[in-house]
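So the chains spell out like this:
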Amino acid sequence: MTKAERRSLREESRLMFYHAYNAYIDNAYPADELMPLSCKGRWRGVTPSRGDMDDVLGNFSLTLVDSLDTLAVMGDFSEFSRAIKLVIRDVMFDHDIIVSVFETNIRMIGGLLSAHVLAMALKTDVPVLQWYNGELLAKAEDLGKRLLPAFNTSTGIPHGRVNLRHGVRWMTESRETCTACAGTMILEMAALSRLTGNPIFEQKAHKAMDGLWKIRHRTSDLMGTVINIHSGDWVRKDSGVGAGIDSYYEYCLKAYILLGDEKYLARFIRHYNAVMKYISRGPIMLAVHMHRPHLQSRNFMDALLAFWPGLQVLLGDVKPAVETHEMLYQVMQRHTFIPEAFTSDFQVHWGQHPLRPEFLESTYFLHRATDDDHYLQVGKTVLKALQQYTRVPCGYAAVNDVRTRLHEDRMDSFVLAETFKYLFMLFGEDKDLPIKLEDYVLTTEAHFLPLWLATDGKNSTLNIRVDDEDDDKYRKTCPNTASLDSEKVRRPMRQMLGSSAARPPARLLPLNDPRQIHALSDMGISVLTLPDGRVQLLYTTNTAKSAKDAAEGLTFMREMSKWNSLSEMENGVIAAGVKFNEKIYPAGPGLFGKEITGNERYMSTAVYVIPNDACSQIENSHEIAGKIAIATRGQCTFAQKVRNIQEANAQLVIILDNVKDSSHESTALFAMSGDGRNDIRIPAVFLFSKEGTALIEALNNDPEQFIVIGEFKSMKQEFENTCEDKDLEPVQDKESFDHLKKVLSQLVAQFELTLSSDDQKNCEEPTDAYLTNKQEEKVCKIASNDGD
């Protein structure tokens, strides 16, 4: 990206912030939020209630307070000064209103402290700020004292809500809170204590963090999502890195960075290792049961986990950060925005998008770590999507559903506090900012807290320790922070995910990550690559790292066996159809190029390309222009073949398998993987050998016959008058049943399981909980058709 374009995007992000900020000031202030479609403010108790969503509102000018430091970061000291004066004059907290302790802490106390710290740091050099004398700190202390009653529980884990005037008295009994709600207090509360000299805030927050650490699952080191604050029992035991738990992990690491207390680093390392062992599946992050961490608790991810790559960058573990960020970018490209929740094959689970900042946060940190312009391009894509689909006359409106892009009358304060701030900092350079970013920790709400609090604050580290078995773990253990060429990580990721996420990826990913190979090896599974490109998995119990790992290996092999029985649709492959000689043959699609969907049809005569593997420039381009080109598999990637043929202006590409006697009847279809580049525009399909041979014979008999290609299911309905959607009578013909059974027994997925007759019985479930070394060696083999 050129410097001129980067400056232009920086200024565009500034203008976006002011479009939203001015809309709030002109139409909503002193209300908490702007309703951008109605052009009016959202007030607690006045505007129709949205239920628990309104717990963030306290009639204390939330959006203005939350966005104060964004004004400072953008260098608008005049408006920064004016906004501080508005807060001092108008913002009061003595309201009979029940608010979220968590949200009030990160948005209001964090916003007040950050603005105070920046105003104090800048006032010497900025004349317009020289009047400021700590008034915002006094406001923050007042509000902090109103949150303190929430911490009066037997466990030290705070109530989720508190009344700003009455504390927890006369409130409907609240017994539950989320892990993130209780564990996202330490940064703001410690800063408040050290800036005011009143230790009570930090003491309460430390006790809450210690209470959470005590109730972690001792075997897995994972945390659940919802806790009973009185008993400390887990109410919900599903464990992930997204909603309900996200910022607890974030504050474990950042508490160490801000306060210098190494117990928090030790705790985070324990949690991090658990997350990477049980929750991380390559780039995918799927929640598990904390007490049974090998058991997945749901099949979707939520948008809040997008903060995780940024946290990994702070830790220094950049490679998996690049991978997960790339996965999220594919989701965003598919749906324009990252939906609130999405499945592991990138389908929408919940379609809302409230203009969340977490993906931009990780994009910003990855750019800082790698200096890779790719992340500037990602930021540009997000910026343009926001401008095109969410900008309205009164600010920016949340997206009600990413599939329809209909608006919602909502603009959360974090849009100004985080989304536009991260955009501005991403495109800005260090010289554009009035402060040194390295001197501050960014809170979960992107507020600035100074690192000098660790040593120069008025309150020293309390060193509250938990008596458990982990005392020897309290030591500094940082991972390798060597520089990384992120492009080398992204390219294979795109090959695995599909270059533009045009369709769900194949369920089984290529085994090209050394961590995957190592994990399988620990379970007694060896990975061999066969000459024909297939992958073979060899399972031997006595080579496993331990008896427990051997049992996990057996479970893995059995799951692979179960996976083999799935149909193509369950494998995530939407078959294409190739029609010739009045018969339709199923074909595998490509994870690149134009997708073949619905009733779209491609019809033309076919021409063989020269050279037949299409791995170099096409010599007969004049013959295949506008027609269907036929090439054979081998020598280079699928994507490279199609790219070369595309230059010859073909309409579509059919690639024929080079593995003898392969057929869709014996091997389930797979999707051809891309190579990380997004420059292919034409569609491509893959035919196994037997179907390819039938096509060659048909063309030998009639070289001018037309071939029709489309989506397999719709073509079957169109040309064969199938009645899949109609009521059918049960088939009583035994021969039909036998034929169906034969076909089903032949279906195997991308990984084909074969058991030797002598050892087949040994792959049954062992009678003991774990395998022992005394048991006979058990061997199961799995073979895979693995692209090119």
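- An unreviewed UniProt entry annotates the protein chain as alpha-1,2-Mannosidase originating from Pieris brassicae.
- Reading the Subcellular location (unreviewed entry) entry of the UniProt record for the protein chain gives the comment "Endoplasmic reticulum".
- As recorded by UniProt, the Sequence similarities (unreviewed entry) comment attached to the protein chain reads in full: "Belongs to the glycosyl hydrolase 47 family."

## Digging into the packing of helix H5 (residues 101–122) against helix H6 (residues 135–147)
Next up, step 1: At a minimum axis distance of 8 Å, the contact between H5 and H6 shows a crossing angle of 160°. In this view, H5 runs roughly antiparallel relative to H6, as classed from their interaxial angle. Considering only the axes of H5 and H6, their crossing is left-handed. Residue-level inspection shows Val-101, Thr-104, Asn-105, Met-108, Ile-109, Leu-112, Leu-113, Ala-115 and His-116 of H5 in contact with H6, the latter providing Leu-136, Leu-137, Lys-139, Ala-140, Leu-143, Gly-144 and Leu-147.
Next up, step 2: Its residues placed into classes, the contact of H5 with H6 shows 11 nonpolar, four polar and one charged.

## Examining the pairing of strand E24 (residues 576–580)
Next up, step 1: E24 sits mainly inside the fold: five of its five residues count as buried.
Next up, step 2: Side chains Ala-576, Val-578 and Phe-580 project from E24 onto one buried face, and the interleaved Gly-577 and Lys-579 project onto a second face that is buried too.
Next up, step 3: Pairing analysis gives five bridges linking E24 to strand E25 (residues 583–587), with the strands arranged antiparallel. Looking at the pairing, Val-578 lines up with Tyr-585 of E25.

## Re the sheet that holds strand E31 (residues 707–711)
Next up, step 1: The antiparallel open sheet is built from four strands, whose spatial order is E25-E24-E31-E26. The outermost strands of the open sheet, each flanked by one partner alone, are E25 and strand E26 (601–604). Within the sheet, the average angular offset between the axes of one strand and its neighbour, ignoring direction, is 20°.
Next up, step 2: Against the sheet, helix H23 (residues 689–701) makes contact with E24, E25 and E31, and its axis sits at roughly 30° relative to E24, the strand it touches most.
Next up, step 3: Most of the contacts of helix H24 (residues 712–720) go to E31, to which it runs at about 125°, and overall it touches E24, E25, E26 and E31.

## Examining the sheet that holds strand E8 (residues 238–239)
Next up, step 1: The strand order across the open sheet formed by three strands is E8-E11-E12, and the pairing between neighbours is antiparallel. The open sheet has two edge strands with one neighbour each: E8 and strand E12 (292–296).

## A short note on the pattern of salt bridges
Next up, step 1: Within the structure shown, the criterion is met by 37 salt bridges.
Next up, step 2: In this structure, Lys-380 engages Glu-5 in a salt bridge whose closest nitrogen and oxygen atoms are separated by 2.6 Å. Remark: Glu-5 occurs in helix H1 (residues 3–27) and Lys-380 occurs in helix H15 (residues 374–389); sequence separation between them is 375 residues.
Next up, step 3: Overall, Glu-5 belongs to the partly exposed group, its relative accessible area being 26%.
Next up, step 4: The residue Arg-298 makes a salt bridge to Asp-302 at a minimum N-O spacing of 3.9 Å.

## Focus on the state of the cysteines
Next up, step 1: Scanning the entire structure with this criterion turns up three disulfides.
Next up, step 2: Between the sulfur of Cys-39 and that of Cys-394 lies a disulfide, 1.7 Å long from S to S. Taking the sign of the S-S torsion, about 100° here, the bridge from Cys-39 to Cys-394 comes out right-handed. With Cys-39 in the loop between strand E1 (33–35) and strand E2 (40–42) and Cys-394 in the loop between strand E16 (391–392) and strand E17 (395–396), this residue pair connects regions lying 355 residues apart in the sequence.
Next up, step 3: The exposure class assigned to Cys-394 is buried, which follows from its relative accessible area of 8%.
Next up, step 4: Two residues share a disulfide in this structure: Cys-615 and Cys-636, whose sulfurs sit 2.0 Å from each other.

## A look at the packing of aromatic side chains
Next up, step 1: Following the criterion strictly, the structure yields 21 aromatic pairs and no others.
Next up, step 2: For the pair Tyr-24 and Tyr-29, a centre-to-centre distance of 6.2 Å together with 80° between the ring planes defines the contact as edge-to-face. The two residues Tyr-24 and Tyr-29 agree in class, both being buried.
Next up, step 3: A cation over an aromatic ring shows up here: Arg-216 above the ring of Trp-213, its NZ or CZ 3.9 Å from the ring centre.
Next up, step 4: Here the basic side chain of Arg-405 rests over the ring of Tyr-389, its NZ or CZ set 4.2 Å away from the ring centre.

## Some thoughts on the environment of Lys-40
Next up, step 1: Its location among the elements puts Lys-40 in strand E2.
Next up, step 2: With relative accessibility at 46%, the residue Lys-40 sits in the partly exposed group.
Next up, step 3: Along the sequence, Lys-40 and Tyr-24 sit 16 residues apart, while their C-alpha atoms lie 8.2 Å from each other.
Next up, step 4: With residues up to four places along the chain from it excluded, the contact list for Lys-40 reads Asn-27, Ala-28, Glu-33, Leu-34 and Met-35.

## Quick notes on the UniProt feature "active site" (unreviewed entry) in the protein chain
Next up, step 1: Here, the residues flagged by UniProt with the feature "active site" (unreviewed entry) are Glu-103, Asp-246, Glu-340 and Glu-358.
Next up, step 2: Exposure remark for Glu-103: the relative accessible area of 19% places this residue in the buried category.
Next up, step 3: The residues touching Glu-103, leaving out its near neighbours within four places in the chain, are Val-56 and Met-108.
Next up, step 4: Summarising the element assignment, Glu-358 is placed in helix H14 (residues 358–370).

## Regarding H6
Next up, step 1: The first and last C-alpha atoms of H6 sit 19 Å apart over 13 residues, in line with the 18 Å expected at 1.5 Å per residue.
Next up, step 2: The set of residues buried in H6 consists of Leu-136, Leu-137, Lys-139, Ala-140, Leu-143, Gly-144, Arg-146 and Leu-147.

## Remarks on unusual backbone geometry
Most of the time, phi is negative for any residue but glycine, and the peptide bond is trans.
Next up, step 1: Here the bond from Tyr-29 into Pro-30 is cis, since omega is 10°, no more than 30 degrees from zero.
Next up, step 2: Along the polypeptide, Pro-30 turns up in the loop between H1 and E1.
Next up, step 3: A cis amide bond links Ile-610 to the next residue, Pro-611, at an omega of 0°.
Next up, step 4: Look at Cys-39: it is not a glycine, yet its phi comes out positive at around 60°.
Next up, step 5: Assessed through its relative accessible area of 30%, Cys-39 is described here as partly exposed.
Next up, step 6: Phi is positive for Asn-649, which is not a glycine, with a value near 70°.
Next up, step 7: Here Asn-649 lies in the loop between helix H22 (638–647) and strand E29 (652–656).

## A short note on the environment of Ser-621
Next up, step 1: Position of Ser-621 relative to the elements: it lies in helix H21 (residues 621–624).
Next up, step 2: With a relative accessible area of 32%, Ser-621 lands in the partly exposed category.
Next up, step 3: Distance in space between the C-alpha atoms of Ser-621 and Ala-650 is 8.1 Å, their sequence separation being 29 residues.

## Concerning the packing of helix H12 (residues 308–315) against helix H13 (residues 318–335)
Next up, step 1: Viewed as axis vectors pointing N to C, H12 and H13 meet at an angle of 165°, and their least axial separation amounts to 8 Å. Comparing the axis directions of H12 and H13 gives the class roughly antiparallel. Along this stretch, H12 crosses H13, giving a crossing that reads as left-handed. In contact with Pro-309, Gln-312 and Val-313 of H12, H13 contributes Pro-320, Ala-321, Thr-324, His-325 and Leu-328.
Next up, step 2: Of the residues assigned to the contact of H12 with H13, the class counts are five nonpolar, three polar and no charged.

## Regarding the side chain of Arg-601
Next up, step 1: Here Arg-601 lies in strand E26.
Next up, step 2: By relative accessible area, Arg-601 is classed as buried at 18%.
Next up, step 3: Within the structure, Arg-601 has its side chain in polar contact with the side chain of Glu-718 (distance 2.8 Å).
Next up, step 4: Beyond its immediate stretch of four places on either side in the chain, Arg-601 contacts Val-708, Ile-709, Gly-710, Glu-711, Ser-714, Met-715, Glu-718 and Phe-719.

Here is what the cut-offs are and how they apply
- Residues numbered from 1 in each chain as written.
- Predicted model: local features only at pLDDT ≥ 70, side-chain atom pairs only at ≥ 80, totals over all residues.
- Heavy atoms only, no water.
- UniProt positions renumbered as here; feature names shortened; annotations may be inferred.
- Axes fitted to C-alpha atoms, helices over the stretch in contact; angles between N-to-C directions.
- Helix = DSSP H or I, 4+ residues; strand = E, 2+ residues; numbered from the N terminus.
- Parallel < 35°, antiparallel > 145°, perpendicular 65-115°, else oblique.
- Left-handed = near helix turned anticlockwise from the far one by under 90°.
- Contact = heavy atoms within 4.5 Å.
- Nonpolar A, V, L, I, M, F, W, Y, C, P; charged D, E, K, R; others polar.
- Buried < 20%, exposed > 50% of the residue type's maximum accessible area, 1.4 Å probe, protein only.
- Pairing = 2+ DSSP bridges.
- Salt bridge = Lys/Arg side-chain N within 4 Å of Asp/Glu carboxyl O.
- Disulfide = S-S within 2.5 Å.
- Phe/Tyr/Trp six-rings, centres within 6.5 Å; stacked < 30°, edge-to-face > 60°.
- Lys NZ or Arg CZ within 6 Å of the ring centre and 35° of its normal.
- Expected span 1.5 Å × (residues − 1).
- Polar contact = N/O pair within 3.5 Å; in protein donor to acceptor, adjacent residues only side chain to side chain.

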